Every structure is written in structure tokens, then in C-alpha cells.
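A structural walkthrough
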Amino acid sequence: MASVFEKHGKYYARWKDGAGRWRKQATSCRTKRDAQRDADDLERKSERQRKGLEPLAEDAPQMTFAELFEWWWKEYGTRLRGDNEAFARKRLLLPLGGLAMVEVTAAKIEGALQALSDDLSPKSLNGLRGNVHTIFVRAIERGLWQGQNPAKAVKRRKVPRKVFDTLKADEVPELLAALTPQWRPLFACAVYSGLRKGELLGLRKSDVDLEEATLTVRRSYDHDTTKGGHADVLPVAPQLQLFLEEAIAASRTDLVFPATDGSMRTGETDLQQVLRRAMGRAGMVRGYLHVCRRKGCGHEEQAQDAELRHCPDCKMKLWPKALPRHLRFHDLRGTTATLLARAGVPLVVAQRMLRHADPRLTANVYTRVDLADLRAGVARLPPLVPTVSPRPESLKNKGRSSTDFSNETAALLKSGRQDSNLRPPGPEGARAESHGVSEDGTGSQP
């Protein structure tokens, strides 16, 4: 059985390897419990080696994880969309790079990720775990590793769902009007088609058929495929026709939204900053920061309006700087899904427009529900004014009907007054009062 002992301030794991020999190894664990977990993991690995499910250490390729990483990046990583090489190198090779492949266990991977938990978000940690998992998957496919994928036993971190903002229907034309003619068609296409940033910048004139009112999404930037790995044909909204015609007529190349020199815009294009400036001009702000521009003063104060203010120190006029709402460019894609949902479009249609494989992603992530949507939902609940039908023998005024009671009850709810003539006499009134119901039967207490 694997055991742990302490020596010179370090915890050592002791276990019997796959060949039946006792081994000991220093761990980097700070507690005995973590060291015992490492030892148990090594013992389970040795048991699989004895059963022939994993290769023995001397039979496995003599590669370190750093060498395996370099092999994977050369063979596969350079073809991946996006650039996370520097991030993965810095975060993975430092704790795992010097280990042999057989020493990269689930416990070691978990320990490396946990050491980064204070600096990285759960989503980034899951990305690093995915990198290790992918590296070993490729190594297994190419015969460089014959055992179990060690990253498979590492649990994914739970990523908290954030609340992102979207544009309302009446805010879309205001935003487009605040944009310059250079950017207006691109942002209109983002809202009315739900295309991603790379798909917009990689869109070519041959992908747009204005006569048939269709748009083919087949590439992202200069990649031959989109994120989903397949091409899709989408309808062009009638509101988008004029914007696309304007963009195609202004472009001198085969791109619909090229740069000023005709080349394709790269992923470094800061569409987020363009969006924030337009929102500031359109008044879609969470407030204003009033700043004193006199050199050496530095006074600033935040307010909800842009009214003229003076510096309390030097009496200079304060410069109002708009603070736009927290809206990312990718949230325009969420705006597309939200506007479709508010228009009553079926979920399957929104899913096809956004090209999601799972409709739950469309419903739970991209379709945003705000307070106004909740209020509209509760407004559809049935009215809470009941129809009071007392027994004929319990009526004080026998000439009154149940309709009279209903009308008077509704009037009381509107005016907020109570009428003692509506109180059912005898035990009926006491029973209503004991159940937390008002004596007039409306269900509201003063």
C-alpha cells in the first residue's frame, strides 16, 4: 500500500511500481494529505501497468512533457484558430515541463491548476486542462502514449454564469445612427445576422446574394471554415439589404468589410472601442465622469448627467466623459437572439440563425431576459379578484346578487377602502379572517 513520509521538510511518496519494485519520490505537496493523494495515484497507475493497461516506465517513450508540448504544437497547434501558445507555455511548462510523460498524473495536473486558481478564472483553468487533455489525445493517436489520458480524471471547474447586456429594439437604430458611415454596415450586419467578428471580417462579396436575399457563412477571417466547421446559408433581413448594398458598393476588393487599404482586418481590430464610442454618443451610458483638465488638479466626480459643473478646487469647467454601458461586441450576437425571442420567433429558428448545435446554448446563454421581460411575463397572470358568491341565507341584503359583490370588490381594490356591508356575517366572516383573507373576500389585508 502506498505510504507517505516526511524528510528534510519534504513529503515523499512510497509505492510499488508496475515491475514490483518499491519506489520513493519527493513530492511538491505542502500537506501530507495532498502527498498521500499523489502516492495513491502512483499506486493506481502501477496497478494498471501490472495489468498491462498502461506501459511500464521503461517501455514508454522517454519524453518530457515539454518535449511532448513542442511536438504537439508543431504538428497540430499551429493549425488551431486563435493564438494561445504563449499563455499555454507560461502556465503549463513551468510546473509540468520538466516531468517525464509517465510522471504527468492527474494529481500533478490538478496541483498545477490549483496553484494558478488565485490568478486565473475558472474558464481559463478549464482551457489549460483542455490543452493537456488534447495533447495526450494526439499522443495516444500517434502512438507516443499508450496509457490513460491523465487529464481525463481532472474535473472541470464550474464557471459562474455572468449577466451580459444587450440592446433593446428601439436602441438599435440609435446605435447605428451614432456610428460613422465606415462602421455602420458592419454593425448592422452583426445585429441582423448574428455573425461573429471573424465571420464578418472574412465575409466576401461572393458570399452575399442580394437578389435571393441570402448570405453564406463559410469562413472566419482567412480560415476556410467557421467555428462550427461547416458552411451555412442564412436569410438577409429586409432591414439589412440597404446596408449590405452600401458596403459592397464602397468596397474596392472582394471583401465586404475591408480595411481602408482594402486588406482584411485582423483579430486585433478593436471593434469594442468603436462600439463604446458610439454608445457614448447615443447616450447609452451608465453615467458621466466629470474631469478637471487643468494640469496638476486631477479632480473628478461621477454623475448621472452631463450638465455643466465646475471644479470645487480651481473653479474650472469640468469635462464630462461618457461611461458607456458594459456591452461587448460579441453581445450584439446575443442581441440578435434576444430580439428574435422577444418577437415571438420559435427557438429552433433562433438556433439556426446563430448556428448552434444545442438549442440550450441559444436559450440559456445568448437569449437574455431582463426585468422588463419578467414584468411583461407576470402581467399575463390572471387577475386576483375573485367572484364572491355568499350563501343566500347569509346575505345581509338579500336583494344583492353575486355580480354586485364582484363589482364592489373590484371597486374596493381600486380605491383601497373597505366596506363593512360586504362582510359575510356569522361564521363565514370569521373563517375568512382566520385564513388570512380580508373580510370582503378580496384576499388583500389593510
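Residues numbered from 1 in each chain as written. Predicted model: local features only at pLDDT ≥ 70, side-chain atom pairs only at ≥ 80, totals over all residues. Heavy atoms only, no water.

A few words now on the packing of helix 11 (residues 331–342) against helix 12 (residues 347–354). The description of two packed helices rests on the angle between their axes and on the distance between the axes. Close contact between helix 11 and helix 12 brings their axes to 10 Å; oriented N to C, the two are set at 160°. Classed by the angle they form, the pair helix 11 and helix 12 counts as roughly antiparallel. Considering only the axes of helix 11 and helix 12, their crossing is right-handed. Residues Arg-333, Thr-336, Ala-337 and Leu-340 of helix 11 touch helix 12, and the partners they reach there are Ala-350, Met-353 and Leu-354. A breakdown of the residues in the contact of helix 11 with helix 12 according to their chemical character gives five nonpolar, one polar and one charged. (Axes fitted to C-alpha atoms, helices over the stretch in contact; angles between N-to-C directions. Helix = DSSP H or I, 4+ residues; strand = E, 2+ residues; numbered from the N terminus. Parallel < 35°, antiparallel > 145°, perpendicular 65-115°, else oblique. Left-handed = near helix turned anticlockwise from the far one by under 90°. Contact = heavy atoms within 4.5 Å. Nonpolar A, V, L, I, M, F, W, Y, C, P; charged D, E, K, R; others polar.)

A separate point is the sheet that holds strand 8 (residues 300–303). Taken in spatial order, the three strands make up an open sheet running 8-7-9, and their pairing is antiparallel. The sheet is open, and its two edges are formed by strand 8 and strand 9 (318–324), each paired on a single side. Taking the axes of each pair of neighbouring strands and ignoring which way they run, one obtains an average angle of 25° across the sheet. Relative to strand 9, strand 7 (residues 285–292) is paired through six bridges, and the arrangement is antiparallel. Across the sheet, the residue bridging to His-290 is Pro-320, located in strand 9. Packed on one face of the sheet, helix 10 (residues 271–282) meets strand 7 and strand 9 and runs near 120° to strand 9. (Pairing = 2+ DSSP bridges.)

Before going further, it helps to spend a moment on the packing of aromatic side chains. Tallied over the entire structure, the rule returns seven aromatic pairs. Each ring, one from Trp-71 and one from Tyr-76, has its centre 5.9 Å from the other, and the planes form 75°; the classification is edge-to-face. An aromatic cluster is defined as three or more aromatic residues linked by ring pairs; in this entry it consists of Phe-65, Phe-136 and Trp-145. Taking NZ or CZ as reference, Arg-14 lies 4.2 Å from the ring centre of Trp-22, over its face. Of note, Arg-138 hangs over the ring of Tyr-76, and the distance from its end group to the ring centre comes to 4.8 Å. (Phe/Tyr/Trp six-rings, centres within 6.5 Å; stacked < 30°, edge-to-face > 60°. Lys NZ or Arg CZ within 6 Å of the ring centre and 35° of its normal.)

Let us now look at the pattern of salt bridges. Between side chains of opposite charge, pairing is possible as soon as their charged atoms come close. Taken as a whole, this structure holds 18 salt bridges when the rule is applied. Where Asp-41 meets Arg-44, a salt bridge forms, and the shortest distance between an N and an O atom there is 3.8 Å. You can see Asp-41 and its partner Arg-44 sitting in helix 1 (residues 32–50), three residues apart, about one turn around the helix. Residue Arg-142 is joined to Glu-75 by a salt bridge in which the shortest nitrogen-to-oxygen separation is 3.5 Å. Placement of the pair is Arg-142 in the loop between helix 5 (122–141) and helix 6 (171–178) and Glu-75 in helix 2 (residues 65–75), with a sequence separation of 67 residues. Residue Arg-142 is classed as partly exposed on the basis of its relative accessible area of 43%. (Salt bridge = Lys/Arg side-chain N within 4 Å of Asp/Glu carboxyl O. Buried < 20%, exposed > 50% of the residue type's maximum accessible area, 1.4 Å probe, protein only.)

To continue, consider the side chain of Gln-351. Residue placement: Gln-351 occurs in helix 12. Residue contacts for Gln-351: discarding those within four places in its chain leaves His-356, Ala-357, Asp-358, Pro-359 and Thr-362.

With that out of the way, let us pick up unusual backbone geometry. Most of the time, phi is negative for any residue but glycine, and the peptide bond is trans. The residue His-8 is not glycine, and still its phi comes out positive at about 55°. Mapped onto the secondary structure, His-8 falls in the loop between strand 1 (3–7) and strand 2 (10–16). The backbone phi angle of Arg-355 is positive, close to 60°, even though this residue is not glycine. Among the secondary structure elements, Arg-355 is positioned in the loop between helix 12 and helix 13 (359–366). Owing to a relative accessible area of 10%, Arg-355 belongs among the buried residues under this scheme.

Moving on to the packing of helix 3 (residues 85–96) against helix 5. Two elements in contact, helix 3 and helix 5, have axes separated by 11 Å at closest approach and are oriented at 85°. It follows from the interaxial angle that helix 3 and helix 5 lie roughly perpendicular. Contact with helix 3, carried on its side by Phe-87, Ala-88, Arg-91 and Leu-92, involves Ser-124, Leu-128, Asn-131 and Val-132 of helix 5 and no other residues of that element. Looking at side-chain class alone, the contact of helix 3 with helix 5 contains five nonpolar, two polar and one charged residues.

Pairing within the open sheet is antiparallel, and its three strands lie in the order 4-5-6. Of all the strands in the sheet, the pair left with one neighbour each is strand 4 (208–209) and strand 6 (232–235). Note: strand 5 (residues 214–217) against strand 6, four bridges, orientation antiparallel. Bridging across to strand 6, Thr-216 finds its partner in Val-233.

Regular strands place side chains that alternate from one sheet face to the opposite one. Note that strand 4 and strand 5 share two bridges and pair antiparallel. Following the sheet pairing, Val-208 is matched in strand 5 by Leu-215. Connecting strand 4 to the next strand, strand 5, in antiparallel fashion are four residues, including Ala-213 with a positive phi near 60°.

Counting residues in each nonpolar core, the largest one holds 40 residues, and the members touching the most others are Phe-187, Leu-244 and Phe-257. For this core, the secondary structure elements donating two or more residues are helix 6, helix 7 (184–193), helix 8 (197–201), strand 5, helix 9 (241–250) and helix 10. Here this core gets six residues from one element, more than from any other, and that element is helix 7. Ignoring sequence-local partners within four residues, the contact set of Phe-187 consists of Leu-176, Leu-179, Leu-271, Val-274, Leu-275, Phe-329 and Leu-332. Among the nonpolar cores identified, the runner-up in size contains 30 residues, and Phe-65, Leu-68, Ile-135 and Trp-145 belong to it. (Core = buried A, V, L, I, M, F, W, Y, C linked by side-chain atoms within 4.5 Å.)

Next up on the list: the side chain of Arg-196. Inspection of the secondary structure puts Arg-196 in the loop between helix 7 and helix 8. Judged by relative accessible area, which is 16%, Arg-196 ranks as buried. A distance of 2.7 Å separates polar atoms of two side chains, one belonging to Arg-196 and the other to Glu-199. Setting aside its immediate chain neighbours within four residues, Arg-196 contacts Lys-227, Arg-333, Leu-354 and Arg-355. (Polar contact = N/O pair within 3.5 Å; in protein donor to acceptor, adjacent residues only side chain to side chain.)

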